[in-house]
Amino acid sequence: MTTLAMPAADARRFLAEEIRVAANIRSDRIIDALATVARERFLPKGPWQIRGVGDAGAAEGRLTDDADPRHVYHDVAIAIDASRNLYNGQPSLIARWLDDVGLDEGQRVIHIGCGTGYFTAVIGQVVGPGGRVDAIDVDAELAARARMNLSDRPWIGVRHGNGTSDLLERADVIVVHAGATHVLEAWLDAMADGGRLLLPLTAELPGMPGSIGKGLMTLITRRADGWQVQIKPMMPVAIYSLKDVRDEKLAAALGQSLMSGALMKATRIRRDLHEPSASCALHGPATCLSLM
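This structure is a prediction, so every number in the text was calculated from the model and none was measured.

Calculation rules
Residues numbered from 1 in each chain as written. Predicted model: local features only at pLDDT ≥ 70, side-chain atom pairs only at ≥ 80, totals over all residues. Heavy atoms only, no water. Pairing = 2+ DSSP bridges. Helix = DSSP H or I, 4+ residues; strand = E, 2+ residues; numbered from the N terminus. Contact = heavy atoms within 4.5 Å. Core = buried A, V, L, I, M, F, W, Y, C linked by side-chain atoms within 4.5 Å. Buried < 20%, exposed > 50% of the residue type's maximum accessible area, 1.4 Å probe, protein only. Salt bridge = Lys/Arg side-chain N within 4 Å of Asp/Glu carboxyl O. Axes fitted to C-alpha atoms, helices over the stretch in contact; angles between N-to-C directions. Parallel < 35°, antiparallel > 145°, perpendicular 65-115°, else oblique. Left-handed = near helix turned anticlockwise from the far one by under 90°. Nonpolar A, V, L, I, M, F, W, Y, C, P; charged D, E, K, R; others polar. Phe/Tyr/Trp six-rings, centres within 6.5 Å; stacked < 30°, edge-to-face > 60°. 1 Å grid on protein atoms, 1.4 Å probe; cavity = no way out; pocket = protein on both sides within 12 Å on 5 of 7 lines; lining within 4 Å. Points joined across faces, edges and corners; volume = space filled by probe spheres on them.

## Quick look at the sheet that holds strand E3 (residues 77-81)
Read across the sheet, four strands follow the order E2-E1-E3-E4 without closing on themselves; strand pairing throughout is antiparallel. Across the chains shown, the open sheet's two edge strands, defined by having one partner strand only, are strand E2 (62-63) and strand E4 (86-88). Here three bridges tie E3 to E4, and the two strands are oriented antiparallel to one another. Considered in E4, the bridge of Ile 78 is made with Asn 88.

The structure is reproduced here in structure tokens:
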């Protein structure tokens with residue numbers, strides 16, 4: 001693979017500016033964070049296994065030519081544990097998510113599914129020392145690696161867990177970095193007034209590996225009028241499934257809602273007890289994605 005011969009810092013800035021244009025990122029702080037955080041710090045030693053848009057469906061990614069850090073500054077996913085087929089995401093995609101959720105300086109953020117911490121570091125760079133990031137991963141090994149990688153950023157806390165308890169209170173932003181079957185009450189309870197929750201609602205579909213689901217990135221905003229929240233289906237996504245807290249009974253209903261297009265019409269979350277009806281895009285035992 002031929003790459004542009006330039007120092008890693010210059011390659012970081014080049015990639016960040018390319019993402020600004022290609023993904024239409026409006027936030028200068030997100031672009032500056034991408035240009036600042038050293039991605040190689042959060043990866044195993046190179047050469048690195050990478051996946052880009054041309055590798056869809058491939059059993060394995062491609063290896064970089066060598067361990068020069070400039071190789072990681074392309075808009076590709078990179079393996080953080082090739083033996084388990086675990087990759088961190090494509091930077092332009094994650095930057096688009098963070099831009100859509102309104103990430104900004106001084107915010108309180110919960111990042112569920114932090115992996116080894118690269119995108120958590122980007123989030124932390126955006127919010128700065130005046131903010132706070134609660135990073136969580138269900139995999140103890142990944143959480144330990146993230147804690148070490150982020151140890152120089154005291155405003156970022158990292159712990160092992162499934163993201164359902166002991167959450168940072170009054171969060172301005174919650175990013176769930178794995179596929180969920182439904183919206184958890186714990187996430188809604190942690191949101192500040194005006195807070196935003198970004199999560200992929202995914203179901204396992206034919207032809208997809210068991211650990212990968214397909215669905216929609218969904219943005220939920222808590223309004224000032226009680227527990228009424230808005231839901232805005234954003235973009236299709238294929239992502240690793242959230243462990244421990246998926247409800248596979250709901251996953252089947254979610255798959256039907258995705259296929260029928262009903263989920264795209266959801267406008268709010270209901271938390272009151274009610275019988276399922278035609279106005280329910282996805283009716284769960286505690287939360288309901290409602291059409292009205």
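## Observations concerning the environment of Gln 90
For Gln 90, the location among the structural elements is in the loop between E4 and helix H3 (91-100). C-alpha separation for the pair Gln 90 and Asp 75, spaced 15 residues apart in sequence, amounts to 5.7 Å. Once residues lying within four places of it in the same chain are set aside, the contact partners of Gln 90 are Val 53, Asp 75, Val 76, Ala 77 and Phe 119.

## Some thoughts on the nonpolar core
Soluble globular proteins tend to pack their nonpolar side chains together in the buried interior. Membership of the largest hydrophobic core comes to 54 residues, with the highest contact counts inside it found for Leu 34, Trp 97, Leu 98 and Leu 103. Examining the composition of this core, we find that seven residues originate from one element, helix H4 (residues 118-127), more than from any other. Beyond its immediate sequence surroundings of up to four residues, Leu 98 is in contact with Ile 30, Leu 103, Val 122, Ile 123 and Val 175.

## Topic: the pairing of E3
For a regular strand, side-chain orientation follows a simple rule: the groups alternate between the two sheet faces. With five of five residues buried, E3 lies mostly within the body of the structure. Here strand E1 (residues 49-51) runs beside E3; their pairing, made up of two bridges, is antiparallel. Its bridge partner lying in E3, Ile 50 is registered against Ile 78. The loop that links E3 with its antiparallel partner E4 comprises four residues; one of these, Asn 85, has a positive phi angle of about 60°.

## Brief notes about the pattern of salt bridges
Where charged atoms of side chains with opposite charge meet at close range, the side chains can pair. Tallied over the entire structure, the rule returns 22 salt bridges. Between Arg 153 and Asp 152 there is a salt bridge; the shortest N-O distance is 3.1 Å. Asp 152 sits in the partly exposed class, given a relative accessible area of 44%. A salt bridge links Arg 222 to Asp 193; the shortest N-O distance between them is 3.6 Å. Separated by 29 residues along the polypeptide, Arg 222 in strand E10 (residues 212-222) and Asp 193 in strand E9 (residues 191-203) bring together distant segments of the chain.

## Structural notes on the packing of helix H2 (residues 28-36) against H4
Taken N-terminus to C-terminus, the directions of H2 and H4 make an angle of 130°; their axes are 9 Å apart at the nearest point. Judged by the angle between their axes, H2 and H4 are oblique. Crossing geometry of H2 relative to H4 is assigned as right-handed. Between H2 and H4, the contacting residues are Arg 29, Ile 30, Ala 33, Leu 34 and Thr 36 on the first element and Tyr 118, Val 122, Gln 125, Val 126 and Val 127 on the second. Its residues assigned to classes, the contact of H2 with H4 comprises seven nonpolar, two polar and one charged.

## Structural notes on H3
Across the 10 residues of H3, eight count as buried, placing the element largely inside the fold. Of all the positions in H3, only Pro 91, Ser 92, Ile 94, Ala 95, Arg 96, Trp 97, Leu 98 and Asp 99 are classed as buried.

## Thoughts on the environment of Leu 98
Along the chain, the position of Leu 98 falls in helix H3. Leu 98 gets classed as buried once you look at its relative accessible area, which sits at 2%. Each C-alpha atom of the pair Leu 98 and Val 175 lies 8.3 Å from the other, and the pair is 77 residues apart in sequence.

## Regarding the packing of aromatic side chains
Remark: the centre distance and the inter-plane angle together describe each pair of aromatic rings, the angle taken between the planes. Across all of its chains, the model carries two aromatic pairs by this definition. Both rings, one in Phe 42 and one in Tyr 118, keep their centres 6.0 Å apart while their planes meet at 55°; by these two values the pair is tilted. Note that Phe 42 is positioned in the loop between H2 and E1 and Tyr 118 in helix H4, a separation of 76 residues in sequence. The buried category is assigned to Phe 42, whose relative accessible area is 2%.

## Notes on empty space enclosed by the protein
Scanning the model with the defined rule gives one cavity of 30 Å³ or more in all. Along the walls of the largest cavity sit Ile 30, Leu 34, Pro 91, Ile 94, Ala 95, Leu 98, Phe 119 and Val 122, which together make up its complete lining. Residue composition of the lining of the largest cavity, by class: eight nonpolar, no polar and no charged.

Read these as spatial facts, not as claims about activity.
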